[in-house]
Amino acid sequence: MTMSVYSTPIIVAIIILFMIGIFTAVPWMIYNYRKYGFLSFWKTLVAFSFVFYALSAYFLVILPLPEVRDTCAMQAAGTQYFQLMPFDFIFEILRDSHVVWSNPATYINFVKHSAFLPAFLNIFILLPLGVYMRYFRGETMTVKLMFLTGFSVSLFFEITQVTGLYGIYTCPYRLFDVDDLILNTTGSVIGFLIAPAILALFPSEEQVLEKSSRVFKESVVRPLPQLLAIVIDYIVVAIAWFVVAPVFKVYDPMTHVIFITIGMFVLQFLIPLLMNGRTLGSRLLRFRLEKVGSDKGRLTAFLKRWFAFMAPWLMYQLFSLVAQYATLDMDSHYYAFNVWMQVILMLLMFVIIFVLCVHILIVLLSKKKHYFYFDDLAGIRARYEQNK
């Protein structure tokens, strides 16, 4: 048995987990910031590790897939699809391992037997499930309920195998083995029983909620959710563009820039001005924008903020449009000037992007309290809303 039997499913699980992470990162952050007021590293680790574990376990069951759909044609007549004798693997090991009970040196033959490693792994494949269920369900998950859960998951695996991946393949390509049910279920219960020792290394739900209460009470919004709120508003405008553009058959870059600019003007200036500092994104994340000091000059502050954070994007779009459309024939007297202008614009674009990225990283990663340049310039601060 080659290691690729185990490594391939894990590699596939990693690839799919990465794809899932791309599409769920923003919703997951919204959920965390809305519920707790901060992004819990440990909860994120547990959630994504559980998805990785579930994918790995499933792929270990179904992979490698047969190369053809008609698996019946590949099998001899009378192929056995079921093994219904409990603990048959033990009798097989005892029968073929040539262990001499009076000679302890031969006991190693148990481990060397080809049936030992699959049996050992069948215990461990659902052992993490017991730990995760203890974490997610807490005291509501009893040993009896864990036994039923582990048995049900193992039965799902076995049915998946014996049905040829639910009819995709004409015949089963793996054996339905009652020993797998026994070992998988036993592993899940063992994981449930040892879970407290493992979960002691992680912050409890009570500790997370205590920190959440403190964050909301202090009403200090961290930089990442503020940036996330802007991203949410931009996503809303971008989705609107993808809907509007095909309907009205407008695809030119200039119209796109104008549309995004107007959309962000509405979502990041008009709406917070009319909704007491709330944008769509900030409302979703339970905070609002306030002018430092009195509300005097609030309109000017929000307008200044919108223009400040839109300015780099507008400059980038302007440079892109000039680079795309400002072309001259090589015989033109101004061709050399045009080339130098293109180079200068590219350098300016690079400088703007680099400075902006450095600024964002400083604000996000610095332990000291820093504000985004557009909030600092406009005198705007984000505050969590209570009882929302």
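Every value quoted in this text rests on a predicted model; they were computed, and no experiment measured them. (Residues numbered from 1 in each chain as written. Predicted model: local features only at pLDDT ≥ 70, side-chain atom pairs only at ≥ 80, totals over all residues. Heavy atoms only, no water.)

## Concerning the overall build of the protein
Inference 1: In terms of regular secondary structure, the protein is built from 16 helices and four strands.
Inference 2: A compact globule built from 388 residues would reach a C-alpha radius of gyration of about 21 Å, whereas the protein, at 30 Å, exceeds it by more than 25%.
Inference 3: The principal-axis extents of the C-alpha atoms in the protein amount to approximately 90 × 65 × 45 Å.
Inference 4: Counting the 388 residues in the protein, one finds 36% classified as buried.
Inference 5: Counting 30 positive and 23 negative side-chain charges, the protein places the averaged centre of each group 15 Å from the other. (Helix = DSSP H or I, 4+ residues; strand = E, 2+ residues; numbered from the N terminus. Rg over C-alpha atoms; globule rule 2.2 N^0.38 Å. Buried < 20%, exposed > 50% of the residue type's maximum accessible area, 1.4 Å probe, protein only. Lys, Arg positive; Asp, Glu negative; His and termini not counted. Charge placed at Lys NZ, Arg CZ, Asp CG, Glu CD.)

## Notes on helix H7 (residues 143-162)
Inference 1: Relative to the 28 Å expected for 20 residues at 1.5 Å per residue, H7 spans 28 Å between its end C-alpha atoms, a close match to the ideal helical length.
Inference 2: Residues of H7 that are buried include every one of Met146, Gly150, Ser154, Phe157, Glu158, Thr160, Gln161 and Val162, and no others.
Inference 3: Contacts from the buried residues of H7 go to helix H2 (41-62), strand S1 (82-83), helix H6 (127-137), helix H8 (164-167), strand S2 (176-177) and helix H9 (178-199).
Inference 4: Directly after H7, the chain includes glycine 164, whose backbone phi takes a positive value near 65°. (Expected span 1.5 Å × (residues − 1). Contact = heavy atoms within 4.5 Å.)

## Some words on the layout of surface pockets
Inference 1: Roughly 640 Å³ of volume is contained in the second largest pocket.
Inference 2: If you trace the second largest pocket, you find 25 residues lining it, with Val220, Val221, Arg222, Pro223 and Val363 closest to the centre.
Inference 3: At the level of elements, helix H10 (205-218), helix H11 (223-248), helix H15 (335-365) and strand S4 (380-384) are the ones that each hand at least two residues to the lining of the second largest pocket.
Inference 4: Ranked by residue count, the leading element in the lining of the second largest pocket is H10, at four residues.
Inference 5: Taken together, the residues of the lining of the second largest pocket break down into 13 nonpolar, three polar and nine charged. (1 Å grid on protein atoms, 1.4 Å probe; cavity = no way out; pocket = protein on both sides within 12 Å on 5 of 7 lines; lining within 4 Å. Points joined across faces, edges and corners; volume = space filled by probe spheres on them. Nonpolar A, V, L, I, M, F, W, Y, C, P; charged D, E, K, R; others polar.)

## Observations regarding the environment of methionine 141
Inference 1: Among the structural elements, methionine 141 can be located in the loop between H6 and H7.
Inference 2: A relative accessible area of 4% means that methionine 141 is categorised as buried.
Inference 3: Leave out the neighbours within four places in its chain, and methionine 141 touches Met133, Met146, Thr149 and Phe192.

## Observations regarding a nonpolar patch on the surface
Inference 1: Taken together, the side chains of Ile11, Ile15, Phe18, Met19, Ile22 and Phe23 present a nonpolar region at the surface, about 690 Å² in accessible area.
Inference 2: Topologically, phenylalanine 18 is positioned in helix H1 (residues 4-35).
Inference 3: A residue is classified by how much of its surface remains accessible, and phenylalanine 18, at 59% relative accessible area, is exposed. (Patch = residues over 30% accessible without salt bridge, like charges linked within 9 Å, V, L, I, M, F, W, Y side chains within 5 Å. Areas by Shrake-Rupley, 256 points an atom, 1.4 Å probe, with all protein chains shown as cover. Salt bridge = Lys/Arg side-chain N within 4 Å of Asp/Glu carboxyl O.)

## Focus on the environment of serine 212
Inference 1: Structurally, serine 212 is set in helix H10.
Inference 2: Given the relative accessible area of 5%, serine 212 is considered buried.
Inference 3: As a C-alpha pair, serine 212 and lysine 35 span 177 residues in sequence and 8.0 Å in three-dimensional space.

## Quick word on the environment of glycine 379
Inference 1: Its place among the elements puts glycine 379 in the loop between helix H16 (373-378) and S4.
Inference 2: Taking the C-alpha atoms as reference, glycine 379 lies 9.3 Å from lysine 304; in sequence the two are 75 residues apart.
Inference 3: Setting aside residues no more than four positions away along its own chain, glycine 379 makes contact with Glu290, Lys291 and Val292.

## Points about the nonpolar core
Inference 1: Core analysis: the biggest nonpolar cluster contains 38 residues, and Leu228, Met264, Leu285, Phe287, Phe309 and Tyr384 have the highest contact counts within it.
Inference 2: Looking at this core element by element, the count peaks at eight residues for helix H14 (residues 298-325).
Inference 3: Filtering out sequence-adjacent residues up to four positions away, methionine 264 remains in contact with Ile230, Asp233, Tyr234, Val237, Phe269, Trp306, Phe309 and Met310.
Inference 4: Among the nonpolar cores identified, the runner-up in size contains 21 residues, and Leu17, Leu55, Leu63 and Leu126 belong to it. (Core = buried A, V, L, I, M, F, W, Y, C linked by side-chain atoms within 4.5 Å.)

## Re the packing of H6 against H9
Packed helix pairs are specified by the crossing angle of their axes together with the interaxial distance, meaning the distance between the axes.
Inference 1: Close contact between H6 and H9 brings their axes to 6 Å; oriented N to C, the two are set at 55°. Classified by the interaxial angle, the pair formed by H6 and H9 is oblique. Read as a crossing pair, H6 and H9 show a hand that is right-handed. From H6, Leu127, Gly130, Val131, Arg134 and Tyr135 reach across to H9, where they touch Gly187, Ser188, Ile190, Gly191, Phe192, Ile194, Ala195, Pro196, Ile198 and Leu199.
Inference 2: Looking at the contact of H6 with H9 residue by residue, the classes come out as ten nonpolar, four polar and one charged. (Axes fitted to C-alpha atoms, helices over the stretch in contact; angles between N-to-C directions. Parallel < 35°, antiparallel > 145°, perpendicular 65-115°, else oblique. Left-handed = near helix turned anticlockwise from the far one by under 90°.)

## Some details on empty space enclosed by the protein
Inference 1: Scanning the model with the defined rule gives one cavity of 30 Å³ or more in all.
Inference 2: Put simply, the largest cavity is a space of about 40 Å³.
Inference 3: Lining of the largest cavity is provided by Gln226, Ala229, Ile230, Gln268, Thr279, Ser282, Phe287, Leu289 and Arg305.
Inference 4: For the lining of the largest cavity, the elements supplying multiple residues, two or more each, are H11 and strand S3 (287-291).
Inference 5: Taken together, the residues of the lining of the largest cavity break down into four nonpolar, four polar and one charged.

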